Amino acid sequence: MTDLPASSSTVVPPSAREGAPLVRLSGVGKSFGGFQALRDVDLDIARGEVVVVVGASGSGKSTLCRCINRLETVTTGTITIDGQPLPDEGKALAALRSDVGMVFQSFNLFGHRTVLQNIMLGPLKVRRQSKEAALAEARALLRRVGVENKEDSYPSELSGGQQQRVAIARALAMRPKVMLFDEPTSALDPEMISEVLDVMTELARDGMTMLVVTHEMGFARQAADRVIFMDAGQIAEEATPDEFFSNPRTERARDFLSKILAH
């Protein structure tokens, strides 16, 4: 796979020099009316770390992901990205979102734009890259995710796996500091899942900071530095993959694994 073009900036932010977490959640809660989706969540994600979030449906996994990108506003607590608190709105929020790439279960590509246009849009409009630079980077990313022969196709002409790989390339085109994946394979046919997970595994090996919400336990075993198990809006357990899968500490985690690994 082709390496991402190097950034022109050589400035190392203070948080990187001091070893501070790239992402920090402190006392985060989120309510929807009377429903408490997240409860007092504390979570640090180090630069280059791959954190996989697992748990039953309704446990708060996707809400956690969406709060980090501020698609949902937290009710209580704070979230910082690279030492900066999440902005409320406007240009600061747009800048934050360009630093936090997100890949959804539904690919969210623009149907009226070609693959190449989908990838180039953010760098041109938000990063203010030149057309030549955006084009070169988009083609490099398409090679990286293995769909370089689809640059002139429209999303409707692609398989689900191809669309999701394009969505990953589109997020990477913004040169994000962290990538969030919200169940990126759940809408795919079984034969397409591995091609997306292969791209994600390669990103993990390349040192991309990632938070991945998934039911793909094989990916968690192979690529995660840490597994977070959520239950009822809280982090009920966190451990290395080996520890979590071989010796889960809580009864809820043992029950979850017994059901999901039986299929």
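The model shown is predicted, which means the values in this text are computed figures rather than measured ones.

About the cut-offs
- Residues numbered from 1 in each chain as written.
- Predicted model: local features only at pLDDT ≥ 70, side-chain atom pairs only at ≥ 80, totals over all residues.
- Heavy atoms only, no water.
- Helix = DSSP H or I, 4+ residues; strand = E, 2+ residues; numbered from the N terminus.
- Rg over C-alpha atoms; globule rule 2.2 N^0.38 Å.
- Buried < 20%, exposed > 50% of the residue type's maximum accessible area, 1.4 Å probe, protein only.
- Contact = heavy atoms within 4.5 Å.
- Areas by Shrake-Rupley, 256 points an atom, 1.4 Å probe, with all protein chains shown as cover.
- Lys, Arg positive; Asp, Glu negative; His and termini not counted.
- Charge placed at Lys NZ, Arg CZ, Asp CG, Glu CD.
- Pairing = 2+ DSSP bridges.
- Axes fitted to C-alpha atoms, helices over the stretch in contact; angles between N-to-C directions.
- Core = buried A, V, L, I, M, F, W, Y, C linked by side-chain atoms within 4.5 Å.
- UniProt positions renumbered as here; feature names shortened; annotations may be inferred.
- Polar contact = N/O pair within 3.5 Å; in protein donor to acceptor, adjacent residues only side chain to side chain.
- Phe/Tyr/Trp six-rings, centres within 6.5 Å; stacked < 30°, edge-to-face > 60°.
- Lys NZ or Arg CZ within 6 Å of the ring centre and 35° of its normal.
- pLDDT = per-residue confidence, 0-100.

## Describing the overall build of the protein
1) Next: Check the secondary structure of the protein and you find ten helices and ten strands.
2) Next: For 263 residues, the compact-globule estimate of 2.2 N^0.38 gives 18 Å, and the protein sits close to it at 18 Å.
3) Next: A buried classification covers 51% of the 263 residues belonging to the protein.
4) Next: Long-range contacts, defined here as pairs at least 24 residues apart, represent 67% of the contacts in the protein between residues at least 6 apart.
5) Next: Counting every atom, the protein has about 12400 Å² of accessible surface; 48% of that belongs to carbon and sulfur.
6) Next: With 30 positive and 34 negative side-chain charges, the protein shows a separation of 6 Å between the mean positions of the two kinds.

## Some words on the sheet that holds strand S10 (residues 234–239)
1) Next: Read from one edge of the open sheet, six strands run S6-S7-S8-S3-S9-S10, paired in mixed fashion. Two strands bound the open sheet, and with one partner strand each, they are strand S6 (100–103) and S10. Averaged over all pairs of adjacent strands, the angle between their axes in this sheet comes to 20°, without regard to strand direction.
2) Next: As defined by bridge partners, strand S3 (residues 50–54) adjoins strand S9 (residues 226–231) across four bridges and the pair is classed as parallel. Within the sheet, the bridge partner assigned to Val53 lies in S9 and is Ile228.
3) Next: Here helix H7 (residues 190–205) sits on the sheet and contacts S3, strand S7 (178–182) and strand S8 (209–213); the angle it forms with S8, its principal contact strand, is near 145°.

## Observations concerning the nonpolar core
In globular proteins that are soluble, nonpolar side chains generally tend to be buried together.
1) Next: Of all hydrophobic cores here, the largest spans 52 residues; its most connected members are Ile168, Met179, Phe181, Met200, Met210 and Phe244.
2) Next: Among the elements that make up this core, the one with the highest residue count is H7 (eight residues).
3) Next: Discounting chain neighbours no more than four positions away, the residues touching Phe244 are Val54, Val227, Phe229, Glu237, Ala239, Ala253 and Leu257.
4) Next: If you look at the next biggest cluster of nonpolar residues, it comprises 27 residues, including Leu38, Ile68, Ile79 and Leu96.

## Some points on the UniProt feature "domain: ABC transporter" (unreviewed entry) in the protein
1) Next: Summarizing the sequence annotation, UniProt attributes the feature "domain: ABC transporter" (unreviewed entry) to residues 23–257 in the numbering used throughout.
2) Next: Secondary structure content for residues 23–257 is 39% helix and 26% strand, while the C-alpha to C-alpha distance between its ends is 27 Å.

## Digging into the side chain of Thr214
1) Next: Considering the arrangement of structural elements, one finds Thr214 in the loop between S8 and helix H8 (217–223).
2) Next: Residue classification places Thr214 among the buried positions, given a relative accessible area of 3%.
3) Next: A polar contact of 2.9 Å, which involves the side chain of Thr214, links it to the backbone nitrogen of Glu216.
4) Next: When sequence neighbours within four positions are dropped, the list of residues in contact with Thr214 reads Val52, Val53, Val54, Thr185 and Phe219.

## Let's talk about the environment of Arg128
1) Next: On the secondary structure map, Arg128 appears in the loop between helix H4 (115–125) and helix H5 (131–144).
2) Next: Taking relative accessible area as the criterion, Arg128 reaches 64% and is therefore assigned exposed.

## Quick word on the packing of aromatic side chains
1) Next: Tallied over the full model, the rule gives three aromatic pairs.
2) Next: Between the aromatic rings of Phe229 and Phe244, the centroid separation amounts to 6.2 Å while the plane-to-plane angle is 35°, which identifies the pairing as tilted. Taken together, the residues Phe229 in strand S9 and Phe244 in helix H9 (residues 241–246) connect sequence positions 15 residues apart. Residue Phe229 shares its accessibility class with Phe244, and that shared class is buried.
3) Next: Ring centres of Phe244 and Phe245 lie 5.3 Å apart, and the angle between their planes is 80°; on these two criteria the pair is classed as edge-to-face.
4) Next: Phe244 sits in the buried class, given a relative accessible area of 0%.
5) Next: These aromatic residues form a ring-pair network of at least three members: Phe229, Phe244, Phe245 and Phe256.
6) Next: If you follow Lys30 out to its NZ or CZ, it ends over the ring of Phe32, 4.9 Å from the centre.

## Concerning the confidence of the model for the protein
Close reading of the predicted structure is inappropriate where its pLDDT is low.
1) Next: Per-chain confidence: the protein averages 89 in pLDDT, with 92% of residues scoring 70 or above.
2) Next: Every residue in residues 1–18 is under pLDDT 50, and counting partners more than four places away or in other chains gives 21 contacts.

## Notes on the pairing of strand S4 (residues 76–81)
1) Next: Here five bridges tie strand S1 (residues 23–32) to S4, and the two strands are oriented antiparallel to one another. Looking at S4, one finds that Arg24 is bridged to Thr80.
2) Next: The pairing of S4 with strand S5 (residues 84–85) spans two bridges and is antiparallel. Across the sheet, residue Thr80 finds its bridge partner in S5, namely Pro85.

## A few points about the sheet that holds S1
1) Next: Across the sheet, which stays open at both edges, the four strands sit in the order S2-S1-S4-S5 with antiparallel pairing between neighbours. Because the sheet does not close on itself, it has two edges, and the strands there are strand S2 (35–45) and S5.
2) Next: Taken together, the seven bridges between S1 and S2 define a ladder with antiparallel strand orientation. Bridging across to S2, Arg24 finds its partner in Asp44.

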